[in-house]
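# Residue-level structural notes
Here's the letter readout for the chains.
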Amino acid sequence: MELSHVVPWGRSFREYRKMFCLTDSDLKKSILGCGDGPASFNSGLTSMGGAVISADPVYAFSAIQLQARIAEVYAEIIPKMEATQSQYIWESIPSVDALGQVRMDAMLRFLTDYEQGRQQGRYVECSLPELPFNNKQFDLALCSHYLFLYSSQVSLVQHLDSVFELLRVAREVRIYPLVTLDGSPSPYLQKVTTALKQQGADVQLLSSAYVFQKGATHTLVIREQ
Ligand SMILES: C[S@@+](CC[C@H](N)C(=O)[O-])C[C@H]1O[C@@H](n2cnc3c(N)ncnc32)[C@H](O)[C@@H]1O
């Protein structure tokens, strides 16, 4: 992976809590954040005493490299968000400027925590569909804004392999959102849920408390029965 191909854009602990409907009891579980990138979920949960490991290919880079790339990408993404404003619901985040502030606050919090977290093994460089973790190492695996969202870039086979890999390492998996970048339902959702059910998994759609991208109303919850 080349740094120039990395597009760091991270959400906050508060946003993760809403996206994944995380209860106080969920936050006491052993959690994997897969594809966390520069989100501040790990930093936020760690500061509360939680047990969390984030997994992402961008953890190949140093804080200085990621910080420089965040600055470049920020200047590119904000005009794109201005141009696609109609695809979002501007309620809890009222404007593009406010969005920029929320994202930058989250990424700065990540950067502040990152080098120490890497040394502590809380940020692990790896890529789906192969994770370097033991079977059922985690109670809960979360995957925000990677699977389903990038259905044009990530194939059905990669989706299937990734979801089964997440279920290998965690007792429960939650994925959000279930729509693609343009807000349309992912063409893979039905096929993935059918495959999971055929393997005996319990699959549910949970109404998400997070409101931002239009159409992104549900979280996929998968448990082995
Ligand atoms: C749009 S960002 C979302 C970051 C974070 N989850 C959030 O919601 O703020 C997508 C993330 O998926 C990561 N990613 C890309 N390919 C991946 C793979 N094969 N396995 C795991 N993560 C991957 C990217 O590096 C990036 O950090």
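An account of the accompanying structure is given in this report. (Residues numbered from 1 in each chain as written. Predicted model: local features only at pLDDT ≥ 70, side-chain atom pairs only at ≥ 80, totals over all residues. Heavy atoms only, no water.)

### Considerations on the environment of Ala51
In this fold, Ala51 is placed in strand S2 (residues 51–55). Placed 21 residues apart in sequence, Ala51 and Ser30 show a C-alpha to C-alpha distance of 5.1 Å. Here Ala51 is in contact with Lys29, Ser30 and Ile31, once residues within four sequence places are set aside. (Helix = DSSP H or I, 4+ residues; strand = E, 2+ residues; numbered from the N terminus. Contact = heavy atoms within 4.5 Å.)

### Focus on the environment of Ala106
Along the chain, Ala106 falls in helix H4 (residues 96–119). Residue Ala106 is classed as buried on the basis of its relative accessible area of 4%. Along the sequence, Ala106 and Ser12 sit 94 residues apart, while their C-alpha atoms lie 5.0 Å from each other. Not counting residues up to four positions away in its chain, the partners in contact with Ala106 are Gly10, Arg11, Ser12, Pro38 and Ser40. (Buried < 20%, exposed > 50% of the residue type's maximum accessible area, 1.4 Å probe, protein only.)

### Let's talk about unusual backbone geometry
Look at the link from Leu128 to Pro129: it is a cis peptide, with omega at 10°. For Pro129, the location among the structural elements is in the loop between strand S3 (123–124) and strand S4 (138–144). Note the cis peptide between Tyr176 and Pro177, where omega equals -5°. Position of Pro177 relative to the elements: it lies in the loop between strand S5 (170–176) and helix H6 (189–198). The backbone of Cys21 shows a phi angle near 50°, a positive value even though the residue is not glycine. Relative to the assigned elements, Cys21 resides in the loop between helix H1 (13–19) and strand S1 (30–34). For Cys21, a relative accessible area of 22% translates into the label partly exposed. A positive phi angle, near 55°, is found at His145, a position not held by glycine. Among the structural elements, His145 can be located in the loop between S4 and helix H5 (156–169).

### Digging into the packing of aromatic side chains
Both the distance between ring centres and the angle between the ring planes are used here to describe each pair of aromatic rings. Applying the stated criterion to the full structure yields 15 aromatic pairs. Three or more aromatic residues joined by ring pairs form one cluster here, namely Phe13, Tyr16, Phe20 and Phe41. (Phe/Tyr/Trp six-rings, centres within 6.5 Å; stacked < 30°, edge-to-face > 60°.)

### Side note on the sheet that holds S5
Read from one edge of the open sheet, seven strands run S3-S2-S1-S4-S5-S7-S6, paired in mixed fashion. The open sheet has two edge strands, S3 and strand S6 (201–207), and neither has a second partner. Across four bridges, the pairing between S5 and strand S7 (residues 218–224) is antiparallel. Residue Arg174 lies in a different strand from S7, and its bridge partner there is Val221. Its contacts with the sheet put H5 on S1, S4, S5, S6 and S7, and the angle it makes with S5 is roughly 140°. Packing against the sheet, H6 makes contact with S6 and S7, and its axis sits at approximately 140° to S6. (Pairing = 2+ DSSP bridges. Axes fitted to C-alpha atoms, helices over the stretch in contact; angles between N-to-C directions.)

### Overview of the site of the ligand
In the vicinity of the ligand, 17 residues are found, and the nearest of them are Arg11, Gly35, Asp56, Leu128 and Ser144. Arg11 places a polar main-chain atom, nitrogen or oxygen, 2.7 Å from an oxygen atom of the ligand. Leu128 places a main-chain nitrogen or oxygen 2.8 Å from a nitrogen atom of the ligand. Burial of the ligand by the surrounding chains reaches 88%, relative to a free accessible area of 590 Å². In terms of residue class, the shell around the ligand is built from eight nonpolar, six polar and three charged. (Near = heavy atom within 4 Å. Polar contact = N/O pair within 3.5 Å; in protein donor to acceptor, adjacent residues only side chain to side chain. Areas by Shrake-Rupley, 256 points an atom, 1.4 Å probe, with all protein chains shown as cover. Nonpolar A, V, L, I, M, F, W, Y, C, P; charged D, E, K, R; others polar.)

### Overview of the pattern of salt bridges
Applying the stated criterion across every chain yields a total of 13 salt bridges. Note that Lys29 is salt-bridged to Asp26, the shortest N-O span being 2.9 Å. The salt bridge partner of Lys136 is Glu224, with a shortest N-O separation of 3.3 Å. On the criterion of sequence distance, the pair formed by Lys136 in the loop between S3 and S4 and Glu224 in strand S7 is long-range, its members being 88 residues apart. Take Lys136: its relative accessible area is 21%, and that puts it in the partly exposed class. For Glu224, a relative accessible area of 48% corresponds to the partly exposed category. Where salt bridges share partners, they join Asp26, Lys29, Glu172, Arg174, Asp202 and Arg223 into one cluster. (Salt bridge = Lys/Arg side-chain N within 4 Å of Asp/Glu carboxyl O.)

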